[in-house]
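# Notes for the structure review
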Amino acid sequence: MSKLVTIYGGSGFVGRYIARRMAKDGWRVRVAVRRPNEALFVKPYGVVGQVEPVFCNIRDDDSVRLAMQGADAVVNCVGTFDAGGKNNFDAVQAEGATRIARIAAEQGVATMVHLSAIGADAEAESGYAASKGKGEQGVLEHMPNAMILRPSVIFGMEDEFFNRFATMTRFTPVLPMVGADTKFQPVYVDDVARAACMGVKGEASGIYELGGPETKSFRDLMQDMLGVIHRRRLLANIPFAVAGPMASIMRVVEVLSLGLVPAQITRDQVTQLQHDNIVSGDHKDLSDLGIRPTAPEAVMPDYLWRFRPSGQYDAIKESAKNLRAH
């Protein structure tokens, strides 16, 4: 019988790519999510019955245990940007990750892959980074041979980075940024998935920092994005001293509106943006896995074309301008 991997958060941005690759490699894939009915799109990744979404709440031991039953490997892709509520940083990224690792150890699961983030540090000023650091500690305490992946900002068709800012260009001539000079090393989502699959199959373990082939400032990345979507926008940097209070006001508006007006940035994100999000060189990286990282410009046109002024017809209209009138 084929081996089974349980992927917590397997219908999310990164999880779905891991699920697709594991199914292609012949594994049975159990996608553990809070809303299985919204994850049915993963079923065609394999043959009938090979990929199955199941319900799981990682804040509950029994729920995690049931989703893991009979698994040969587990992957934790669950993360959040929500600092409050039941599914907050610590509940999901620290306690949830530790719970998955503890139960995996109890059930004798052979391998575990945990998706963390560059900058993960239990002592970090940022609540997000601190919870990621605590999660890593919990995972390694129970599964010392686990593979920890720390990616920089991840890009790809469903990303919330380039897609988010490209969407903003449709409504405003100004593109506001916090931390325009902060450096990033964008990594392609399928490169992250390839690395994770190696961990699932027991071909790698330990901590890996994942970055793409290019290190660029936030401003330069937005310029690249604007070039791909054929738009001109004024890039406006918001100083950190202004961004912090602004984020606090946005949070108040979000609470008073009962979430109808979501905050565009949080104070925790402002804190994170004060630090470069790049590979440190202190840990292994994609090259140690034999993976050649994919550059953003090789992929962005494949999914950002819809943000061009004329969408899929933009290139045709541009070409038509060069035709001579007869």
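Overview of the structure. For every chain, the first residue of the written sequence is number 1, and numbering continues from 1 along that sequence. Residue-level local features of this predicted model are given only where pLDDT is at least 70; pairs of side-chain atoms are given and counted only at 80 or more, and the full residue set underlies all totals for whole chains, interfaces and linings. Water and hydrogen atoms play no part in the side-chain values, which are based on all heavy atoms of the structure.

### Side note on the pattern of salt bridges
Here a salt bridge means any side-chain nitrogen of Lys or Arg lying within 4 Å of a carboxyl oxygen belonging to Asp or Glu. Scanning the model with the defined rule gives 16 salt bridges in all. A salt bridge links Arg150 to Glu209, with the shortest nitrogen-to-oxygen separation between them at 3.8 Å. Of the two residues, Arg150 is situated in strand 6 (residues 147-151) and Glu209 in strand 11 (residues 206-210); the sequence distance between them amounts to 59 residues. Residue Arg251 is joined to Glu254 by a salt bridge in which the shortest nitrogen-to-oxygen separation is 2.8 Å. Of this pair, Arg251 and Glu254 are both found in helix 8 (residues 240-256), three residues apart, which corresponds to roughly one turn of the helix. Beyond isolated ion pairs, a larger network of salt bridges with shared partners links Asp61, Asp62, Arg65, Arg99, Arg102 and Glu106. By definition, any uninterrupted DSSP run of H or I lasting at least four residues is a helix, any uninterrupted run of E lasting at least two residues is a strand, and each is numbered from the N terminus.

### Digging into the nonpolar core
Take the buried residues of types Ala, Val, Leu, Ile, Met, Phe, Trp, Tyr and Cys, join any two whose side-chain atoms come within 4.5 Å, and each joined set is a nonpolar core. Here the term buried applies to any residue with accessible area under 20% of the maximum for its type, exposed to any over 50%, and partly exposed to those in between, with areas from a 1.4 Å probe on protein chains only. Counting 70 residues, the largest nonpolar core has Ile18, Leu149, Phe162, Met222, Met225 and Leu304 as the members making the most contacts within it. Counting residues per element, this core draws most heavily on helix 6 (residues 189-200), which supplies eight residues. By definition in these notes, contact holds between two residues if any of their heavy atoms fall within 4.5 Å. Apart from residues lying up to four places away in sequence, Met222 is in contact with Phe161, Phe162, Phe165, Leu175, Met177 and Leu235. Among the nonpolar cores identified, the runner-up in size contains 24 residues, and Ala32, Val64, Ala146 and Ile207 belong to it.

### Quick word on the packing of helix 3 (residues 89-106) against helix 4 (residues 127-142)
Contact pair helix 3 / helix 4: the axes reach a minimum separation of 8 Å and the direction vectors enclose 10 degrees. It follows that helix 3 is roughly parallel to helix 4 by the angle criterion. In contact with Phe89, Asp90, Gln93, Ala94, Ala97, Thr98, Ala101, Arg102 and Ala105 of helix 3, helix 4 contributes Gly127, Tyr128, Ser131, Lys132, Lys134, Gly135, Gly138, Val139 and His142. Its residues placed into classes, the contact of helix 3 with helix 4 shows seven nonpolar, seven polar and four charged. Angles run from 0 to 180 degrees between N-to-C directions of axes, and those axes are lines fitted to C-alpha atoms, restricted for helices to the stretch in contact. Reported orientations rely on four angle classes, namely roughly parallel under 35 degrees, roughly antiparallel over 145, roughly perpendicular from 65 to 115, and oblique for the rest. Under the scheme applied, nonpolar residues are Ala, Val, Leu, Ile, Met, Phe, Trp, Tyr, Cys and Pro; charged residues are Asp, Glu, Lys and Arg; polar residues are all the others, including Gly.

### Description of a positive patch on the surface
Patches were defined on residues exceeding 30% relative accessible area and lacking a salt bridge, with like-charge contacts within 9 Å and nonpolar side-chain contacts (Val, Leu, Ile, Met, Phe, Trp, Tyr) within 5 Å. All accessible-area figures derive from a Shrake-Rupley calculation using a 1.4 Å probe, and residue coverage is judged against the displayed protein chains alone. This count recognises Lys and Arg as positive and Asp and Glu as negative, with His and chain-terminal groups excluded. The location of each charge is read from NZ of Lys, CZ of Arg, CG of Asp or CD of Glu. There is a patch of like positive charges on the surface, built from Arg34, Arg35, Arg59 and Lys86. Within the secondary structure, Arg59 sits in the loop between strand 3 (51-55) and helix 2 (61-68). Residue Arg59 is classed as partly exposed on the basis of its relative accessible area, which comes to 32%.

### Some details on the sheet that holds strand 1 (residues 4-8)
The rule for pairing is simple: two strands pair if DSSP sees at least two bridges between them. The strand order across the open sheet formed by seven strands is 3-2-1-4-5-6-11, and the pairing between neighbours is parallel. The open sheet terminates on both sides in strands that have one partner only, identified here as strand 3 and strand 11. Across the sheet, the axes of successive neighbouring strands diverge by a mean angle of 20 degrees, strand direction being ignored. Two elements, strand 4 (residues 73-76) and strand 5 (residues 111-115), share four bridges in a ladder whose sense is parallel. Each residue of the ladder has a partner; that of Val75, found in strand 5, is Val113.

### Focus: the packing of helix 1 (residues 13-24) against helix 6
Running from amino to carboxyl end, helix 1 crosses helix 6 at an angle of 55 degrees, the nearest separation of the two axes being 9 Å. On the basis of the axis angle, helix 1 is oblique to helix 6. The two elements helix 1 and helix 6 meet at a crossing, and its hand is right-handed. When helix 1 is examined against helix 6, the residues Phe13, Val14, Tyr17, Ile18, Arg21 and Met22 are found in contact with a partner set consisting of Val189, Asp190, Val192, Ala193, Arg194, Ala196, Cys197 and Val200. Partitioning the contact of helix 1 with helix 6 into residue classes produces 11 nonpolar, no polar and three charged. Each crossing is labelled by how the near helix is turned from the far one, with a counterclockwise turn of less than a right angle marking it left-handed and a clockwise turn marking it right-handed.

### A short note on the environment of Trp305
The residue Trp305 is located in the loop between helix 10 (300-304) and helix 11 (314-320) in this model. Spatially, the C-alpha atoms of Trp305 and Val113 are 33 Å apart, while their sequence positions differ by 192 residues. If sequence neighbours within four positions are ignored, Trp305 has contacts with Gly311 and Gln312.

### Here we look at helix 4
Since one α-helical turn is 3.6 residues long, residues separated by three or four positions face the same way. A helix is expected to span 1.5 Å for every residue after the first. Spanning 16 residues, helix 4 covers 23 Å between terminal C-alpha atoms, matching the ideal 22 Å at 1.5 Å per step. Listing the buried residues of helix 4 in full gives Tyr128, Ala129, Ala130, Ser131, Lys132, Gly133, Gly135, Glu136, Gly138 and Val139. Of the surrounding secondary structure, the elements contacted by the buried residues of helix 4 are helix 3, strand 5, strand 6, strand 11 and helix 9 (267-272). Whenever two N or O atoms come within 3.5 Å, that pair is a polar contact, provided that in protein one can donate a hydrogen and the other can accept it, and provided that, for residues adjacent in sequence, both atoms are side-chain atoms. Its side-chain oxygen placed 3.2 Å from the backbone nitrogen of Tyr128, Ser126 serves as the N-cap of helix 4.

### Comments concerning the side chain of Ser217
With respect to the helices, strands and loops of the structure, Ser217 is situated in strand 12 (residues 216-217). Judged by its relative accessible area of 11%, Ser217 is buried. Apart from residues lying up to four places away in sequence, Ser217 is in contact with Ala180, Asp181, Thr182 and Lys183.

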